[in-house]
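Here are the chains, one letter per residue:
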2 protein chains.
Amino acid sequence: MEFHYPTGRKYVARPEKENKNDLPDKEIIYSNRGMTLEEDLNETNQYYLSNGLAVIHKKPTPVQIVHVDYAKRSTAVIKEAYFRQASTTDYNGISNGKYIDFEAKETKSPTSFPLKNIHGHQIEHMKNVIKQNGIAFVIIRFSATEEIYLLEGEHLFKFWDRMKNGGRKSITKQELKTYGHSIELGWAPRIDYLKVIRNLYSF
Amino acid sequence: MEFHYPTGRKYVARPEKENKNDLPDKEIIYSNRGMTLEEDLNETNQYYLSNGLAVIHKKPTPVQIVHVDYAKRSTAVIKEAYFRQASTTDYNGISNGKYIDFEAKETKSPTSFPLKNIHGHQIEHMKNVIKQNGIAFVIIRFSATEEIYLLEGEHLFKFWDRMKNGGRKSITKQELKTYGHSIELGWAPRIDYLKVIRNLYSF
(Lines give C-alpha, C1' and ligand atoms only; values in the text may rest on other atoms or scores of the structure.)
Protein backbone atom coordinates (compact mmCIF):
# COMPACT_ATOMS: atom_id res chain seq x y z
CA MET A 1 0.00 0.00 0.00
CA GLU A 2 1.16 3.54 -0.63
CA PHE A 3 0.75 6.55 1.61
CA HIS A 4 0.56 9.99 0.05
CA TYR A 5 0.77 13.41 1.60
CA PRO A 6 -2.06 15.91 1.24
CA THR A 7 0.40 17.66 -1.06
CA GLY A 8 0.13 14.69 -3.35
CA ARG A 9 3.77 13.83 -2.84
CA LYS A 10 4.27 10.11 -2.54
CA TYR A 11 5.05 8.91 1.00
CA VAL A 12 8.32 7.07 0.53
CA ALA A 13 9.73 7.41 4.02
CA ARG A 14 8.68 4.01 5.31
CA PRO A 15 8.74 0.37 4.24
CA GLU A 16 5.55 -1.14 2.88
CA LYS A 17 4.07 -2.36 6.13
CA GLU A 18 5.62 0.17 8.47
CA ASN A 19 2.28 1.17 9.97
CA LYS A 20 1.27 -2.44 10.50
CA ASN A 21 1.64 -2.20 14.27
CA ASP A 22 -0.67 0.79 14.31
CA LEU A 23 -3.44 -1.43 13.02
CA PRO A 24 -5.78 -2.67 15.72
CA ASP A 25 -6.15 -6.26 14.70
CA LYS A 26 -3.55 -8.68 13.40
CA GLU A 27 -6.25 -10.55 11.48
CA ILE A 28 -6.87 -7.72 9.10
CA ILE A 29 -3.23 -7.72 8.09
CA TYR A 30 -2.70 -9.61 4.84
CA SER A 31 0.69 -11.04 5.70
CA ASN A 32 2.07 -14.50 5.32
CA ARG A 33 5.42 -13.04 4.56
CA GLY A 34 6.98 -13.36 7.97
CA MET A 35 7.85 -10.44 10.18
CA THR A 36 8.67 -6.99 9.00
CA LEU A 37 11.84 -5.22 10.02
CA GLU A 38 9.73 -3.14 12.40
CA GLU A 39 8.30 -6.21 14.10
CA ASP A 40 11.73 -7.78 14.45
CA LEU A 41 13.12 -4.56 15.93
CA ASN A 42 10.20 -4.20 18.32
CA GLU A 43 10.83 -7.74 19.56
CA THR A 44 14.54 -7.01 19.79
CA ASN A 45 13.92 -3.83 21.80
CA GLN A 46 11.52 -5.71 24.07
CA TYR A 47 14.24 -8.29 24.63
CA TYR A 48 16.75 -5.56 25.49
CA LEU A 49 14.25 -3.95 27.87
CA SER A 50 13.30 -7.21 29.58
CA ASN A 51 16.95 -8.09 30.05
CA GLY A 52 17.99 -4.67 31.29
CA LEU A 53 20.28 -4.10 28.30
CA ALA A 54 18.67 -0.97 26.83
CA VAL A 55 15.57 1.21 26.80
CA ILE A 56 14.90 1.82 23.11
CA HIS A 57 11.46 2.43 21.59
CA LYS A 58 10.01 3.18 18.19
CA LYS A 59 8.36 6.58 18.06
CA PRO A 60 4.68 6.64 17.14
CA THR A 61 3.88 7.28 13.49
CA PRO A 62 3.37 11.05 13.15
CA VAL A 63 -0.21 11.81 12.27
CA GLN A 64 -1.75 15.19 11.53
CA ILE A 65 -5.17 15.18 13.14
CA VAL A 66 -7.79 17.24 11.31
CA HIS A 67 -11.12 16.16 12.76
CA VAL A 68 -12.05 14.37 15.98
CA ASP A 69 -15.59 13.21 16.64
CA TYR A 70 -16.67 13.48 20.27
CA ALA A 71 -20.25 12.43 19.57
CA LYS A 72 -19.92 9.15 21.39
CA ARG A 73 -19.33 9.99 25.03
CA SER A 74 -17.30 6.84 25.48
CA THR A 75 -14.72 7.52 22.81
CA ALA A 76 -13.02 10.27 20.86
CA VAL A 77 -12.86 9.04 17.27
CA ILE A 78 -10.37 10.60 14.89
CA LYS A 79 -12.38 10.94 11.68
CA GLU A 80 -9.83 12.71 9.50
CA ALA A 81 -6.07 12.60 9.78
CA TYR A 82 -3.04 12.36 7.51
CA PHE A 83 0.34 10.71 7.71
CA ARG A 84 3.02 13.26 8.41
CA GLN A 85 6.67 13.04 7.53
CA ALA A 86 8.84 12.18 10.53
CA SER A 87 11.18 15.01 11.53
CA THR A 88 13.58 12.67 13.29
CA THR A 89 14.52 9.00 13.11
CA ASP A 90 12.10 6.25 14.16
CA TYR A 91 14.02 4.74 17.06
CA ASN A 92 15.88 6.20 19.98
CA GLY A 93 16.78 5.43 23.55
CA ILE A 94 19.60 4.61 25.89
CA SER A 95 21.92 1.74 26.73
CA ASN A 96 24.41 1.90 29.57
CA GLY A 97 24.55 5.69 29.47
CA LYS A 98 24.90 5.93 25.68
CA TYR A 99 22.25 7.71 23.62
CA ILE A 100 21.25 5.59 20.64
CA ASP A 101 19.33 6.90 17.64
CA PHE A 102 18.57 5.10 14.41
CA GLU A 103 16.36 4.71 11.38
CA ALA A 104 15.34 1.31 10.00
CA LYS A 105 14.53 0.72 6.35
CA GLU A 106 13.60 -2.22 4.19
CA THR A 107 14.20 -2.35 0.47
CA LYS A 108 12.95 -4.77 -2.16
CA SER A 109 15.89 -3.94 -4.36
CA PRO A 110 18.22 -6.97 -4.39
CA THR A 111 21.41 -5.07 -5.11
CA SER A 112 21.32 -1.60 -3.52
CA PHE A 113 19.62 0.63 -0.98
CA PRO A 114 17.88 3.63 -2.57
CA LEU A 115 18.68 6.79 -0.63
CA LYS A 116 15.21 8.17 -1.37
CA ASN A 117 14.21 6.10 1.69
CA ILE A 118 16.06 8.60 3.87
CA HIS A 119 15.08 12.25 4.18
CA GLY A 120 17.40 15.22 4.38
CA HIS A 121 16.07 16.29 7.77
CA GLN A 122 16.77 12.79 9.09
CA ILE A 123 20.37 13.16 7.95
CA GLU A 124 20.49 16.54 9.71
CA HIS A 125 18.99 14.98 12.83
CA MET A 126 21.62 12.22 12.86
CA LYS A 127 24.38 14.80 12.42
CA ASN A 128 22.99 16.79 15.37
CA VAL A 129 22.86 13.62 17.48
CA ILE A 130 26.49 12.83 16.72
CA LYS A 131 27.47 16.42 17.55
CA GLN A 132 25.94 15.81 20.98
CA ASN A 133 28.07 12.66 21.33
CA GLY A 134 25.22 10.30 20.60
CA ILE A 135 25.33 7.18 18.43
CA ALA A 136 23.40 7.40 15.16
CA PHE A 137 23.05 4.76 12.48
CA VAL A 138 20.68 3.14 10.02
CA ILE A 139 19.59 -0.49 9.86
CA ILE A 140 18.90 -1.67 6.32
CA ARG A 141 17.17 -4.92 5.41
CA PHE A 142 17.09 -6.38 1.92
CA SER A 143 13.70 -8.06 2.08
CA ALA A 144 14.39 -10.36 -0.88
CA THR A 145 17.37 -12.03 0.80
CA GLU A 146 16.66 -11.01 4.43
CA GLU A 147 20.19 -9.59 4.65
CA ILE A 148 20.54 -6.94 7.36
CA TYR A 149 23.23 -4.29 7.59
CA LEU A 150 23.99 -1.63 10.17
CA LEU A 151 25.61 1.48 8.71
CA GLU A 152 26.95 4.17 11.02
CA GLY A 153 25.82 7.73 10.42
CA GLU A 154 29.30 8.90 9.55
CA HIS A 155 29.34 6.55 6.55
CA LEU A 156 25.73 7.20 5.61
CA PHE A 157 26.55 10.92 5.37
CA LYS A 158 29.29 10.21 2.83
CA PHE A 159 26.93 8.29 0.55
CA TRP A 160 24.33 11.02 1.04
CA ASP A 161 26.84 13.68 0.02
CA ARG A 162 27.88 11.59 -2.98
CA MET A 163 24.25 11.69 -4.13
CA LYS A 164 23.97 15.41 -3.42
CA ASN A 165 27.09 15.94 -5.50
CA GLY A 166 25.47 14.23 -8.48
CA GLY A 167 26.64 10.69 -7.73
CA ARG A 168 24.56 7.53 -7.53
CA LYS A 169 21.27 7.73 -5.63
CA SER A 170 21.80 4.49 -3.73
CA ILE A 171 24.25 2.53 -1.62
CA THR A 172 25.30 -0.73 -3.25
CA LYS A 173 25.14 -3.92 -1.21
CA GLN A 174 28.88 -4.25 -1.75
CA GLU A 175 29.41 -0.83 -0.19
CA LEU A 176 27.28 -1.92 2.79
CA LYS A 177 29.44 -5.04 3.12
CA THR A 178 32.54 -2.85 3.07
CA TYR A 179 31.48 0.09 5.27
CA GLY A 180 28.59 -1.43 7.23
CA HIS A 181 28.16 -4.37 9.55
CA SER A 182 26.17 -7.46 8.63
CA ILE A 183 23.70 -8.66 11.28
CA GLU A 184 22.52 -12.24 11.26
CA LEU A 185 18.81 -12.69 11.98
CA GLY A 186 18.63 -14.44 15.35
CA TRP A 187 15.97 -15.74 17.71
CA ALA A 188 16.35 -13.71 20.89
CA PRO A 189 17.16 -11.00 20.15
CA ARG A 190 16.03 -11.16 16.52
CA ILE A 191 18.32 -8.37 15.31
CA ASP A 192 21.16 -7.85 17.77
CA TYR A 193 22.25 -4.39 16.66
CA LEU A 194 23.26 -3.50 20.23
CA LYS A 195 26.06 -6.09 20.09
CA VAL A 196 27.44 -4.38 16.99
CA ILE A 197 27.20 -0.92 18.56
CA ARG A 198 28.76 -2.04 21.85
CA ASN A 199 31.69 -3.50 19.96
CA LEU A 200 32.10 -0.39 17.83
CA TYR A 201 31.90 2.06 20.74
CA SER A 202 33.18 -0.33 23.40
CA PHE A 203 30.59 0.11 26.13
CA MET B 1 -11.97 18.88 25.06
CA GLU B 2 -11.77 15.38 26.47
CA PHE B 3 -10.24 12.31 24.86
CA HIS B 4 -11.55 8.88 25.73
CA TYR B 5 -10.13 5.47 25.05
CA PRO B 6 -12.08 2.87 23.06
CA THR B 7 -12.36 1.18 26.44
CA GLY B 8 -14.42 4.12 27.57
CA ARG B 9 -11.83 5.11 30.12
CA LYS B 10 -11.36 8.84 30.26
CA TYR B 11 -8.12 10.06 28.70
CA VAL B 12 -6.48 11.94 31.55
CA ALA B 13 -2.87 11.55 30.57
CA ARG B 14 -2.50 14.93 28.93
CA PRO B 15 -3.37 18.57 29.60
CA GLU B 16 -6.37 20.07 27.89
CA LYS B 17 -4.69 21.25 24.72
CA GLU B 18 -1.97 18.65 24.47
CA ASN B 19 -2.87 17.65 20.91
CA LYS B 20 -3.02 21.26 19.76
CA ASN B 21 0.14 20.97 17.69
CA ASP B 22 -1.32 17.99 15.88
CA LEU B 23 -4.04 20.22 14.50
CA PRO B 24 -3.36 21.35 10.97
CA ASP B 25 -4.38 24.97 11.24
CA LYS B 26 -3.68 27.43 14.03
CA GLU B 27 -6.89 29.30 13.13
CA ILE B 28 -9.15 26.50 14.23
CA ILE B 29 -7.60 26.54 17.68
CA TYR B 30 -9.76 28.49 20.12
CA SER B 31 -6.92 29.85 22.21
CA ASN B 32 -6.32 33.33 23.51
CA ARG B 33 -4.95 31.84 26.65
CA GLY B 34 -1.26 32.12 25.87
CA MET B 35 0.99 29.22 25.12
CA THR B 36 0.57 25.74 26.50
CA LEU B 37 3.36 23.95 28.29
CA GLU B 38 3.84 21.87 25.14
CA GLU B 39 4.27 24.95 22.97
CA ASP B 40 6.72 26.50 25.41
CA LEU B 41 8.72 23.27 25.53
CA ASN B 42 8.71 22.92 21.75
CA GLU B 43 10.10 26.45 21.46
CA THR B 44 12.62 25.68 24.18
CA ASN B 45 13.75 22.51 22.42
CA GLN B 46 13.99 24.39 19.12
CA TYR B 47 16.18 26.96 20.87
CA TYR B 48 18.42 24.20 22.26
CA LEU B 49 18.65 22.61 18.81
CA SER B 50 19.40 25.86 16.99
CA ASN B 51 22.08 26.72 19.52
CA GLY B 52 23.67 23.28 19.51
CA LEU B 53 22.83 22.70 23.18
CA ALA B 54 20.64 19.61 22.86
CA VAL B 55 18.61 17.44 20.48
CA ILE B 56 15.34 16.85 22.30
CA HIS B 57 11.97 16.28 20.63
CA LYS B 58 8.43 15.55 21.67
CA LYS B 59 7.24 12.17 20.46
CA PRO B 60 4.17 12.13 18.21
CA THR B 61 0.85 11.49 19.92
CA PRO B 62 0.27 7.73 19.72
CA VAL B 63 -2.69 6.95 17.49
CA GLN B 64 -4.24 3.58 16.76
CA ILE B 65 -5.15 3.59 13.10
CA VAL B 66 -8.22 1.52 12.21
CA HIS B 67 -9.21 2.60 8.72
CA VAL B 68 -7.30 4.39 5.96
CA ASP B 69 -9.02 5.54 2.79
CA TYR B 70 -6.88 5.29 -0.34
CA ALA B 71 -9.70 6.32 -2.68
CA LYS B 72 -8.06 9.59 -3.63
CA ARG B 73 -4.87 8.74 -5.46
CA SER B 74 -3.24 11.89 -4.14
CA THR B 75 -3.72 11.20 -0.45
CA ALA B 76 -4.15 8.47 2.11
CA VAL B 77 -6.82 9.72 4.50
CA ILE B 78 -7.08 8.16 7.95
CA LYS B 79 -10.83 7.82 8.43
CA GLU B 80 -10.91 6.06 11.78
CA ALA B 81 -8.32 6.17 14.52
CA TYR B 82 -8.16 6.42 18.30
CA PHE B 83 -5.88 8.08 20.80
CA ARG B 84 -3.64 5.51 22.46
CA GLN B 85 -2.02 5.74 25.83
CA ALA B 86 1.68 6.60 25.62
CA SER B 87 3.92 3.74 26.77
CA THR B 88 6.83 6.04 27.51
CA THR B 89 7.33 9.71 28.33
CA ASP B 90 6.62 12.47 25.83
CA TYR B 91 10.08 13.96 25.46
CA ASN B 92 13.53 12.48 25.04
CA GLY B 93 16.84 13.22 23.47
CA ILE B 94 20.46 14.04 24.16
CA SER B 95 22.60 16.87 25.43
CA ASN B 96 26.38 16.67 25.56
CA GLY B 97 26.35 12.87 25.70
CA LYS B 98 23.65 12.66 28.37
CA TYR B 99 20.37 10.91 27.62
CA ILE B 100 17.44 13.05 28.76
CA ASP B 101 13.89 11.76 29.18
CA PHE B 102 10.93 13.57 30.67
CA GLU B 103 7.20 13.99 30.89
CA ALA B 104 5.52 17.41 31.00
CA LYS B 105 2.19 18.03 32.68
CA GLU B 106 -0.03 20.99 33.37
CA THR B 107 -2.51 21.11 36.20
CA LYS B 108 -5.33 23.53 36.91
CA SER B 109 -5.15 22.70 40.59
CA PRO B 110 -3.67 25.71 42.42
CA THR B 111 -2.23 23.76 45.32
CA SER B 112 -1.07 20.32 44.23
CA PHE B 113 -0.20 18.08 41.28
CA PRO B 114 -2.59 15.10 40.93
CA LEU B 115 -0.60 11.93 40.30
CA LYS B 116 -3.39 10.59 38.07
CA ASN B 117 -1.64 12.66 35.38
CA ILE B 118 1.19 10.14 35.41
CA HIS B 119 0.78 6.49 34.44
CA GLY B 120 2.39 3.50 36.10
CA HIS B 121 4.14 2.42 32.92
CA GLN B 122 5.64 5.92 32.63
CA ILE B 123 7.04 5.52 36.13
CA GLU B 124 8.45 2.13 35.09
CA HIS B 125 9.91 3.69 31.97
CA MET B 126 11.64 6.43 33.98
CA LYS B 127 13.04 3.84 36.38
CA ASN B 128 14.40 1.84 33.43
CA VAL B 129 15.97 5.00 31.99
CA ILE B 130 17.71 5.77 35.29
CA LYS B 131 18.94 2.17 35.49
CA GLN B 132 20.62 2.78 32.12
CA ASN B 133 22.26 5.91 33.57
CA GLY B 134 19.91 8.30 31.84
CA ILE B 135 18.34 11.43 33.31
CA ALA B 136 14.57 11.24 33.90
CA PHE B 137 12.30 13.89 35.36
CA VAL B 138 8.92 15.54 35.11
CA ILE B 139 8.13 19.18 34.38
CA ILE B 140 4.97 20.38 36.10
CA ARG B 141 3.19 23.65 35.36
CA PHE B 142 0.47 25.11 37.53
CA SER B 143 -1.55 26.81 34.81
CA ALA B 144 -3.37 29.11 37.24
CA THR B 145 -0.18 30.75 38.47
CA GLU B 146 2.18 29.73 35.62
CA GLU B 147 4.57 28.30 38.19
CA ILE B 148 6.86 25.64 36.72
CA TYR B 149 8.73 22.96 38.66
CA LEU B 150 11.18 20.27 37.57
CA LEU B 151 11.06 17.15 39.75
CA GLU B 152 13.68 14.45 39.31
CA GLY B 153 12.46 10.90 38.78
CA GLU B 154 13.99 9.69 42.03
CA HIS B 155 11.73 12.08 43.98
CA LEU B 156 8.69 11.44 41.79
CA PHE B 157 9.02 7.72 42.55
CA LYS B 158 8.79 8.42 46.29
CA PHE B 159 5.54 10.36 45.92
CA TRP B 160 4.25 7.67 43.59
CA ASP B 161 5.04 4.97 46.16
CA ARG B 162 3.40 7.06 48.88
CA MET B 163 0.20 7.00 46.82
CA LYS B 164 0.55 3.27 46.12
CA ASN B 165 0.90 2.72 49.86
CA GLY B 166 -2.40 4.47 50.50
CA GLY B 167 -1.05 7.99 50.95
CA ARG B 168 -2.19 11.16 49.22
CA LYS B 169 -2.81 10.99 45.48
CA SER B 170 -1.01 14.22 44.71
CA ILE B 171 2.22 16.14 45.25
CA THR B 172 1.66 19.39 47.12
CA LYS B 173 3.15 22.59 45.73
CA GLN B 174 5.11 22.90 48.94
CA GLU B 175 6.63 19.47 48.34
CA LEU B 176 7.59 20.57 44.83
CA LYS B 177 9.25 23.67 46.28
CA THR B 178 11.16 21.45 48.70
CA TYR B 179 12.16 18.51 46.47
CA GLY B 180 11.86 20.04 43.00
CA HIS B 181 13.39 22.99 41.20
CA SER B 182 11.44 26.10 40.26
CA ILE B 183 11.92 27.29 36.67
CA GLU B 184 11.16 30.90 35.77
CA LEU B 185 9.37 31.37 32.46
CA GLY B 186 11.86 33.11 30.19
CA TRP B 187 11.99 34.42 26.65
CA ALA B 188 14.67 32.36 24.89
CA PRO B 189 14.59 29.67 25.98
CA ARG B 190 11.09 29.85 27.41
CA ILE B 191 11.59 27.04 29.96
CA ASP B 192 15.29 26.51 30.57
CA TYR B 193 15.10 23.04 32.10
CA LEU B 194 18.49 22.11 30.62
CA LYS B 195 20.19 24.67 32.87
CA VAL B 196 18.66 22.97 35.92
CA ILE B 197 19.68 19.52 34.71
CA ARG B 198 23.22 20.61 33.82
CA ASN B 199 23.65 22.06 37.31
CA LEU B 200 22.25 18.94 38.96
CA TYR B 201 24.33 16.50 36.92
CA SER B 202 27.24 18.87 36.26
CA PHE B 203 27.69 18.45 32.52
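Here the structure is a predicted model, which is why all the values come from computation and not from measurement.

Here we look at the sheet that holds strand S9 (residues 135-142) of chain A
Residues and elements named next belong to chain A. The six strands are arranged S3-S6-S7-S9-S10-S12 in an open sheet whose pairing can be described as mixed. Of all strands in the sheet, those bounded by a partner on one side alone are strand S3 (55-58) and strand S12 (181-183). Ignoring strand direction, the axes of neighbouring strands in this sheet form an average angle of 25 degrees. Sitting on the sheet, helix H3 (residues 153-164) touches S9 and strand S10 (147-152), and the angle it makes with S10 is about 90 degrees.

Quick look at the sheet that holds strand S12 (residues 181-183) of chain B
Residue and element names in this part refer to chain B. A sheet is described by the order of its strands in space; here six strands give the open sequence S3-S6-S7-S9-S10-S12, paired in mixed fashion. Of all strands in the sheet, those with a lone pairing partner are strand S3 (55-58) and S12, marking the two edges. Taking each pair of neighbouring strands and ignoring which way they run, the sheet shows an average axis angle of 25 degrees.

Quick word on the side chain of B:Thr88
Position of B:Thr88 relative to the elements: it lies in the loop between strand S5 (77-83) and strand S6 (91-95). With a relative accessible area of 5%, B:Thr88 lands in the buried category. Within polar-contact distance, the side chain of B:Thr88 engages the side chain of B:Lys59 at 2.7 Å. Ignoring anything within four residues of it in the chain, the contact list for B:Thr88 reads A:His57, B:Lys59, B:Glu103, B:Gln122 and B:His125.

A closer look at the UniProt feature "binding site: Mg(2+)" (unreviewed entry) in chain A
Residues and elements named next belong to chain A. Using the residue numbers shown here, the UniProt feature "binding site: Mg(2+)" (unreviewed entry) corresponds to Thr88, Asp90, Glu103 and Gln122. Considering the C-alpha atoms alone, the annotated residues occupy 35 residues of sequence yet fold into one spot, their largest mutual distance being 9.5 Å. With respect to the helices, strands and loops of the structure, Gln122 is situated in helix H2 (residues 120-131). In this structure, Gln122 is in contact with Ala86, Thr88, Thr89, Glu103 and Asn117, ignoring residues within four places of it in sequence.

Quick look at the pairing of strand S10 (residues 147-152) of chain B
Residue and element names in this part refer to chain B. Counting buried positions over the six residues of S10 gives five, a clear majority of the element. Relative to S10, strand S9 (residues 135-142) runs antiparallel, the two sharing six bridges. Residue pairing across strands places Ile139 opposite Leu150, the latter belonging to S10. In textbook terms, the turn of a hairpin is the stretch between consecutive antiparallel strands, and for S9 and S10 this stretch comprises four residues, one of which, Glu146, has a positive phi near 60 degrees. In this structure, S10 lies alongside S12, joined through three bridges in antiparallel fashion.

Concerning the UniProt feature "site: Transition state stabilizer" (unreviewed entry) in chain A
Taken from the UniProt record, the annotation "site: Transition state stabilizer" (unreviewed entry) applies to A:Lys105. Within the fold, A:Lys105 resides in strand S7 (residues 98-107).

Some thoughts on the packing of H2(A) against H3(A)
Each pair of packed helices gets described by two things: the angle between the helix axes and the distance between those axes. All names here are of chain A. At their nearest, the axes of H2 and H3 sit 10 Å apart, and the two run at 145 degrees to each other. You can see that H2 and H3 cross each other, and the crossing is left-handed. Contacts between H2 and H3 pair Gly120, Ile123, Met126, Lys127 and Ile130 from the former with Gly153, Glu154, Leu156, Phe157, Trp160 and Asp161 from the latter. Grouping the amino acids of the contact of H2 with H3 by side-chain chemistry returns six nonpolar, two polar and three charged.

Description of the packing of aromatic side chains
All names here are of chain A. Applying the stated rule across the entire model yields 17 aromatic pairs over all chains. Relative to Phe102, the ring of Tyr91 lies with its centre 4.7 Å away and its plane at 0 degrees, an arrangement referred to as stacked. Of this pair, Tyr91 sits in strand S6 (residues 91-95) while Phe102 is found in strand S7, placing the two residues eleven residues apart along the sequence. Side by side, Tyr91 and Phe102 carry an identical accessibility label, which is buried.

Parameters and conventions
- Residues numbered from 1 in each chain as written.
- Chains lettered and ligands numbered in written order.
- Predicted model: local features only at pLDDT ≥ 70, side-chain atom pairs only at ≥ 80, totals over all residues.
- Heavy atoms only, no water.
- Pairing = 2+ DSSP bridges.
- Helix = DSSP H or I, 4+ residues; strand = E, 2+ residues; numbered from the N terminus.
- Axes fitted to C-alpha atoms, helices over the stretch in contact; angles between N-to-C directions.
- Contact = heavy atoms within 4.5 Å.
- Buried < 20%, exposed > 50% of the residue type's maximum accessible area, 1.4 Å probe, protein only.
- Polar contact = N/O pair within 3.5 Å; in protein donor to acceptor, adjacent residues only side chain to side chain.
- UniProt positions renumbered as here; feature names shortened; annotations may be inferred.
- Left-handed = near helix turned anticlockwise from the far one by under 90°.
- Nonpolar A, V, L, I, M, F, W, Y, C, P; charged D, E, K, R; others polar.
- Phe/Tyr/Trp six-rings, centres within 6.5 Å; stacked < 30°, edge-to-face > 60°.

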